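Summary of the model geometry
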Amino acid sequence: MYEPYVVVLDFNCFLRYGRYDHQDWCSHKSLLCTWNLDRRGLDCSRADTSIDVSSCLMCVAFHPNLPALIAGGTFNGEVCVWNVGAESDPLQSSSGFTELGHKEPISKVSWTQDGNSSSGSGRKNRFHLLSLGTDGKVLLWEHSSERRQLRLVKGFRLLAESIPRSVRISKARGEAVIGGTCLSFSHEDKNLFVVGSENGSVLKCSLLAHTVASVDENTAEAAFRSPITFAFQPHQGPVYCTACSPFHRNLFLTCGTDATARIYSLLDTCPILLMEPGVGYLFSVCWSPSRPLVFAVGTGDGHVLIYDLKSSHIKPSVSLEASLEGPIYTTEFNSKRHQLLASGDASGVVKVWRLSTELVTQVGNEKDQLHTLAQETMSTATL
């Protein structure tokens, strides 16, 4: 019998049910489900919207300005956009299966503001959709509900040869292609994003990169570029999650199968802080939207750990027993209602936690404290 996992969620609340443990082409059916936490008479056992998907959904993302639009990527490599408010067919557009599209599971989709949308009326709120796959492709799509398709705007490939030898991992899969597992956009630079990978690499990337990726000139991917502009000290195993700080332009979180959560600066190859909670694999990290020094970590032993760097750089301030059935694959803060934190586990259960006032409300100027922490740790690392 097919047993679904919750492998990603997003607020209002939205989640998707899929699986990680595939061996080949996915023939499972999966679900995209939404709940509105503000709905009167909320029924936790019945989704407000439930959409059947032909294969396992691996990632999802709400549109930044149009909450009825949800993008998702499947195990079989298809990128889709649904309108959960549609009365009939909710599928608005799809990439299909094309020569230039993904050939392996899509690990992340993210809406990003069109780089040409800063001028001209009606274009400032235009967004493109970025998809990352374990095939090493990073693809930028234009969504059109009228044409019911996603048009490929730009393509990139993650290649080992683009990484400096000092931080390159020796064993690169296949033709030196780096399989992407997660990404996070900078909150200040709409073209800059950080990618984590299957082989542990942590990479700074840009949509404006122009370096040609070394692929066969006779293939359709000959125009693809390499997005990598900088590389960081890698994890000792796959990286499962990255998260750029909403309060500091240079800081970002990572976690992975080496049982560490790390804070890096975009300005240094080495992590400035390394947390080892000793609970096995770490699958998810996310920053608090209200407290610059607070972040959450989803663990392989079913806990959500909440760190408050104002109290400790080593031990979590709170440990929530979120699941008795296995790993916490995803965690997410609510960007509007800051006291809410959601978690999704291996048994398909989503829980929404209400955090204490102390974990939500700033005391003093924590942005300055975060900046000081970054400067002090970077200075220590360079001594």
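Residues numbered from 1 in each chain as written. Predicted model: local features only at pLDDT ≥ 70, side-chain atom pairs only at ≥ 80, totals over all residues. Heavy atoms only, no water.

Focus on the sheet that holds strand β14 (residues 192-197)
In spatial order, the strands read β13-β14-β15-β16; together these four strands make up an open sheet with antiparallel pairing. Unpaired on one side and paired on the other, β13 (180-185) and β16 (228-232) mark the two borders of the sheet. Taking the axes of each pair of neighbouring strands and ignoring which way they run, one obtains an average angle of 25 degrees across the sheet. (Pairing = 2+ DSSP bridges. Helix = DSSP H or I, 4+ residues; strand = E, 2+ residues; numbered from the N terminus. Axes fitted to C-alpha atoms, helices over the stretch in contact; angles between N-to-C directions.)

Examining the packing of aromatic side chains
All told, the structure shown has ten aromatic pairs when counted by the stated rule. Between the aromatic rings of F283 and Y329, the centroid separation amounts to 5.0 Å while the plane-to-plane angle is 85 degrees, which identifies the pairing as edge-to-face. A residue pair is termed long-range when its members are at least 10 positions apart, and F283 in strand β21 (residues 282-287) and Y329 in strand β25 (residues 328-333) qualify at 46 residues. The exposure classification of F283 matches that of Y329, with both residues buried. Members of the aromatic cluster, connected to one another through ring pairs, are F230, F232, F252 and Y264. (Phe/Tyr/Trp six-rings, centres within 6.5 Å; stacked < 30°, edge-to-face > 60°. Buried < 20%, exposed > 50% of the residue type's maximum accessible area, 1.4 Å probe, protein only.)

What about the sheet that holds strand β23 (residues 303-308)?
One open sheet holds the four strands; their spatial order is β21-β22-β23-β24, and the pairing between them is antiparallel. With partners counted over all chains shown, the strands left at the sheet margins are β21 and β24 (318-321), one partner each. Shown here is a sheet whose adjacent strand axes are inclined to one another by a mean of 20 degrees, direction ignored. As defined by bridge partners, β21 adjoins strand β22 (residues 294-299) across five bridges and the pair is classed as antiparallel. From the neighbouring strand, S284 faces β22, where its bridge partner is G298.

Regarding the nonpolar core
Residues L253, I263, M275, V285, F295, V297 and L309 are the most contacted members of the largest nonpolar core, which totals 23 residues. At the level of elements, β17 (239-244), β18 (251-256), β19 (261-265), β20 (273-275), β21, β22, β23 and α2 (366-382) are the ones that each hand at least two residues to this core. Ignoring anything within four residues of it in the chain, the contact list for L253 reads C241, T242, A243, R262, I263, V285, C286, W287 and F295. (Core = buried A, V, L, I, M, F, W, Y, C linked by side-chain atoms within 4.5 Å. Contact = heavy atoms within 4.5 Å.)

Some details on the side chain of S288
For S288, the position within the fold is in the loop between β21 and β22. On the basis of relative accessible area, S288 is assigned to the buried category, the value being 1%. A distance of 3.0 Å separates the side chain of S288 from the backbone nitrogen of R291, its partner in a polar contact. Look past the residues within four positions of S288 in its chain and what remains in contact with it is P246, F247, V294, F295, F333 and L359. (Polar contact = N/O pair within 3.5 Å; in protein donor to acceptor, adjacent residues only side chain to side chain.)

Regarding the pairing of strand β12 (residues 149-157)
By the bridge criterion, eight bridges tie strand β11 (residues 137-144) to β12 in an arrangement that is antiparallel. Counterpart to H143 in the pairing with β12 is L150. What sits between β11 and β12 in their antiparallel hairpin is a turn of four residues, with R148 showing a positive phi close to 55 degrees.

Notes on the environment of A68
Along the polypeptide, A68 turns up in the loop between β5 (57-62) and β6 (69-74). Considered as a pair, A68 and N83 are 15 residues apart in the sequence and their alpha carbons are 5.3 Å apart. When residues no more than four places from it in sequence are discounted, the contact partners of A68 are W82, N83, V84 and G85.

Considering the pattern of salt bridges
Counting across every chain of the model gives eight salt bridges. Taking the shortest distance from any N to any O, the salt bridge between R262 and D258 comes out at 3.2 Å. One exposure class covers both R262 and D258, and it is buried. Within this structure, R126, E142 and R151 form a network of salt bridges that share partners. (Salt bridge = Lys/Arg side-chain N within 4 Å of Asp/Glu carboxyl O.)

Some thoughts on the environment of A296
Looking at the secondary structure, you find A296 in strand β22. Among the residues examined, A296 registers a relative accessible area of 0% and is labelled buried. Taking the C-alpha atoms as reference points, A296 and P316, 20 residues apart in sequence, are found 9.0 Å from one another.

As for the confidence of the model for the protein chain
Here the protein chain shows a mean pLDDT of 85. Residues at 70 or above account for 84%. Confidence drops under a pLDDT of 50 for residues 1-8, and excluding neighbours within four residues, the segment shows 46 contacts in the predicted structure. (pLDDT = per-residue confidence, 0-100.)

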